[in-house]
Each structure stands twice: as C-alpha cells, then as structure tokens.
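Per-entry structural report
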Amino acid sequence: MKKLICALGASMTVATAMAWPDKNVTIVVPFPPGGSTDLIARTLQGKLQEKLGGTFIVENKAGATGTIGAAQVVRAAPDGHTLFVSSLGPFVIAPHLTKVTYDATKDFDYITVAVQAPNVLVVPAVSPHKTMADVLAYQKANPGKMTFASSGNGSSDHLTAELYWQQTGTTGVHVPYKGGGPVMTDLLGNQVESSFMNINTAMPQIIAGKLRALSITSAKRSPLLPTVPTLDELGIKDANVNSWQAVAAPKGIPADVKAKLHTAIVEILNDPTVKPKLLDLGFEIVANTPEQFTAFQATEFARWRKLIEARNIKAD
C-alpha cells in the first residue's frame, strides 16, 4: 500500500508538471514599469505565452529596493505559476543592507541569469576630465572632493563607486538620489561630476554628446563603446561589475516545469527577433543553467556582503 501511495503521488506530480501552465502565470517584477528589469520581464512574457501556452502576466510590485516583490514570490505556491524577474539587488545586495523576510540563498529556485550589462563611468560633456587618468590624478590631488552620483545607497552604481575607491585607494563624495532619473538630470546640468551609470541608461546621452564615457566595468570592452577602456585595462583590478537580470521562482517548483521554463527562456533570449535588440541596448546574453546561476548567486552574495561590511555601507 505504501508503494502504491508513493507511485500515485509521483504520477500526480508528473501530471501536474505536464499540465502546466493550467492557470495564469504571474511574473513579479519588484520595481516600477519602464526600467531594465521591467523590459526583460515583458520581453519574456509575450514569448513565453507563444511557446508554452497559457497567460503570463507581469505584476510590478515595487518598494523597499525590490524586497517587497521578492518576499511576495517566496510566499507563493511553488507550482510554477509565480515567477520572479529581478536585478541583482534583492538577490545579493539588499539582504546585507536591511532586514528582509526571506533567505536569498535558500528561498528561490534559480532558473537563469538572463542578461547582464556593465556600468560606465560618465562625466558631463563640459567636464575638464577627458580620460580616466585625469580623474585619478584629480582625485589624488584633491582627495574626497569629486562627487559621484548614484541612484541610491546600496545601488549597483553606488557599490561600483565604493569598489573603485577601494581598489584605487582614493575617496570621493557619494551623492545618493532616489532613482536614476534625478541622477541623469543633475549630471546633464553639471550639478554632479560623475556617475558609474548603467550602460543602458547612459548610451543615449553618450551618443548625443551630452555625457563622456571614461571607463567601463566589464571584463572586456563593449561593442557599443569600443574606444572606452575597461577598468582592468587601466590597472584597476577586481573591479569588474555587471548589473544582471535573472529569473527565479519560489523554492520547490516541479523539476519538469523548471526545465521547461529554462529551455523556453534560453530559446527566447537567443531568438533572432529578440537577441539583436537586447545587444543594441547594451545587454549581454547570459542564459546560464540553474546550477550555474545557483553558484553565481552564492559568489555574488558573498562578494557584495564583503564590500558592504568593509566600506560600512548603510541603507537609506
């Protein structure tokens, strides 16, 4: 009888996985509409419907640097009908800065890191700094005076600046804003001197000649900015930073559902109607395996915890 019950349970699990999705699938995005995370989620949404059937709905659940949306996801049933598309913040940064109601290392099934994009050190076009060497020389001659704007304490652009200062032995003035929009406004108005801005956000103003790109945080040069050197090229080591967007689910989704999702997402990211558009925006396709994402998450979690503790970074 025990064997029969186990067999029936297994067959029901398989049947559930085969039937999936048998109701609406909610893709939780922990930020407002219009940003990079929302763009990736909505790109996946339509294509997932085409490939897997059913209805996929994007729900923007913003607040508390993405942790409200993350908490909602981990509370959901692990049946494959709730997905999480987020940047690195709720996964590897926010848990070190604020009290969260989930364990970022245990409460998710990691499906794939979809894309990543580097940050670019930009200055206003009117800035006297023409190269990264100019910036370093100025900082060493004027320690703690050059302003670096960010979209908020603990944001990717803030942590990039802290990592840069740590690796170069320099200091600067961190000017946190509430979001990237005000940063751009004050950069263009020459109210702040610099920012490690995400390449997706910076490119339109770089192309327009309103911002000057001095260095990039990727391991190799970006095809969008082939003349802009990496920090590593300039001798600033261990300062590679990518802002990444990933797909996860509540811990415990059926293995078959997880496999179907991963296969479909990888196919979408490499679709000839999708991939060129993402590359043009500055994204690099990652599309790694669940196992690779799990290992990467652990490495990133430890990396940013170490920096946050070393630099005594606090949340807003």
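In this convention, every chain numbers its residues from 1, walking through the sequence in written order. Only residues with pLDDT of at least 70 are given local features in this predicted model, and only at 80 or more are side-chain atom pairs given and counted; all residues enter the totals for whole chains, interfaces and linings. The side-chain quantities take in all heavy atoms of the structure and omit both hydrogens and water.

A few words on the nonpolar core. Membership of the largest hydrophobic core comes to 48 residues, with the highest contact counts inside it found for Val122 and Leu269. Two residues form a contact once any of their heavy atoms are found within 4.5 Å. When neighbours within four sequence positions are excluded, Val122 is seen to be in contact with Leu187, Glu193, Ser194, Ser195, Met197, Ala202, Ile206, Leu211, Arg212 and Ala213. Counting residues in hydrophobic clusters, the runner-up holds 43 residues, among them Leu97, Val135, Leu163 and Leu214. We call a set of buried Ala, Val, Leu, Ile, Met, Phe, Trp, Tyr and Cys residues a nonpolar core when their side-chain atoms join them within 4.5 Å. For every residue, the accessible area (1.4 Å probe, protein chains only) is compared with the maximum for its type, and the residue is labelled buried under 20%, exposed over 50%, or partly exposed between those bounds.

Secondary structure elements are defined from DSSP: runs of H or I of at least 4 residues count as helices, runs of E of at least 2 residues count as strands, and each element is numbered from the N terminus. Tracing the sequence through the fold places His158 in helix 6 (residues 156-168). At 3.4 Å, the side chain of His158 and the side chain of His174 are in polar contact. His158 has contacts with Ser150, Gly152, Asn153, His174 and Ile313, leaving out every residue within four places of it along the chain. Two N or O atoms form a polar contact when they lie within 3.5 Å of each other; inside protein one atom must be a possible hydrogen donor and the other a possible acceptor, and for residues adjacent in sequence the pair counts only when both atoms belong to side chains.

Our focus in this paragraph is the packing of aromatic side chains. Each pair of aromatic rings taken from Phe, Tyr and Trp, with Trp reduced to its six-membered ring, is defined by centres within 6.5 Å and is described as stacked if the planes are under 30 degrees apart, edge-to-face if over 60, and tilted in the remaining cases. If you walk through the whole model with that rule in mind, you get 16 aromatic pairs. Aromatic pair Tyr164 and Phe196: ring centres 5.5 Å apart, planes at 55°, arrangement tilted. In this pair, Tyr164 sits in helix 6 while Phe196 sits in strand 7 (residues 194-198), placing the two residues 32 residues apart along the sequence. Residue Tyr164 shares its accessibility class with Phe196, and that shared class is buried.

Next up on the list: the layout of surface pockets. Definitions used for this entry: grid spacing 1 Å over protein atoms alone; cavity, a set of points where a 1.4 Å probe fits but cannot get out; pocket, an open set with protein on both sides within 12 Å along at least 5 of 7 lines; lining residue, one with an atom within 4 Å of a point. Grid points are joined across faces, edges and corners, and a volume is the space filled by probe spheres set on the points. Taken as a whole, the largest pocket encloses approximately 1200 Å³ of empty space. What lines the largest pocket is a set of 43 residues, and nearest its centre among them are Phe31, Ser87, Ser151, Ser155 and Gly179. Sorting the residues of the lining of the largest pocket by element identifies helix 2 (36-52), helix 4 (88-93), helix 6, helix 7 (180-188), strand 7 and strand 9 (242-250) as the ones contributing at least two each. The space that makes up the second largest pocket amounts to roughly 300 Å³. Lining the second largest pocket are 16 residues, and of these Arg221, Ser222, Pro223, Gly282 and Glu284 sit closest to its centre. With three residues, the single largest contributor to the lining of the second largest pocket is strand 4 (residues 108-124). Residues are sorted three ways: Asp, Glu, Lys and Arg are charged, Ala, Val, Leu, Ile, Met, Phe, Trp, Tyr, Cys and Pro are nonpolar, and all the rest, Gly among them, are polar. Of the residues contributing to the lining of the second largest pocket, the split by class is eight nonpolar, five polar and three charged.

A few words now on unusual backbone geometry. Between Trp20 and the following residue, Pro21, the backbone shows a cis peptide bond with an omega angle of -5°. Note that Pro21 resides in the loop between helix 1 (2-19) and strand 1 (25-29). Of note in the backbone geometry, Ala64 takes a positive phi value of approximately 55° without being a glycine. Looking at where Ala64 falls in the secondary structure, it is placed in the loop between strand 2 (56-60) and helix 3 (67-75). A residue is classified by how much of its surface remains accessible, and Ala64, at 44% relative accessible area, is partly exposed. The backbone phi angle of Asn190 is positive, close to 60°, even though this residue is not glycine. Tracing the chain through its elements places Asn190 in the loop between helix 7 and strand 7. Under the relative-accessibility criterion, Asn190 is labelled partly exposed at 43%.

Take the environment of Leu121 next. Take Leu121: it is sitting in strand 4. Along the backbone, Leu121 and Pro272 are 151 residues apart, and their C-alpha atoms lie at a distance of 31 Å. Leave out the neighbours within four places in its chain, and Leu121 touches Met132, Phe148, Ser194, Ser195, Phe196, Arg212, Ala213, Leu214 and Ser215.

Looking at the element boundaries, Gln139 is found in helix 5 (residues 132-141). For Gln139 and Thr171, which are 32 residues apart along the polypeptide, the C-alpha to C-alpha distance reads 7.1 Å. Excluding residues that lie within four positions of it along the chain, Gln139 makes contacts with Met146, Phe148, Tyr164, Trp165, Thr170, Thr171 and Gly172.

Another point: the packing of helix 2 against helix 9 (residues 255-269). Throughout, an axis means a line fitted to C-alpha atoms (over the contacting stretch in the case of helices), and angles, computed between N-to-C directions, take values from 0 to 180 degrees. In the contact formed by helix 2 and helix 9, the axes pass within 10 Å of each other and the chain directions differ by 120°. Taken together, the axis directions place helix 2 and helix 9 in an arrangement best described as oblique. Relative to helix 9, helix 2 is oriented so that their crossing is right-handed. Residues Thr43, Leu44, Lys47, Leu48, Lys51 and Leu52 of helix 2 form the contact with helix 9, whose participating residues are Lys260, Leu261, Ala264, Ile265, Glu267, Ile268 and Leu269. Of the residues belonging to the contact of helix 2 with helix 9, the class tally is eight nonpolar, one polar and four charged. Each angle is binned into one of four classes, with values under 35 degrees roughly parallel, values over 145 roughly antiparallel, values of 65 to 115 roughly perpendicular, and all other values oblique. By convention, the crossing between two helices is left-handed when the near helix turns anticlockwise from the far helix through less than a right angle, and right-handed when the turn is clockwise.

What follows deals with the pattern of salt bridges. Definition used for salt bridges: Asp or Glu carboxyl oxygen within 4 Å of a side-chain nitrogen of Lys or Arg. A complete count under the given rule lists ten salt bridges for this structure. Measuring nitrogen to oxygen at the nearest pair gives 2.8 Å for the salt bridge that ties Arg221 to Glu233. With a gap of twelve residues between them, Arg221 in the loop between strand 8 (211-216) and strand 9 and Glu233 in the loop between strand 8 and strand 9 connect regions that are remote in the sequence. Residue class for Arg221 comes out partly exposed when judged on its relative accessible area of 35%. Between Lys237 and Asp232 there is a salt bridge, with the nearest N and O atoms lying 3.4 Å from each other. Given the relative accessible area of 29%, Asp232 is considered partly exposed. One salt-bridge network, held together by shared partners, links Asp109, Lys251 and Lys258.

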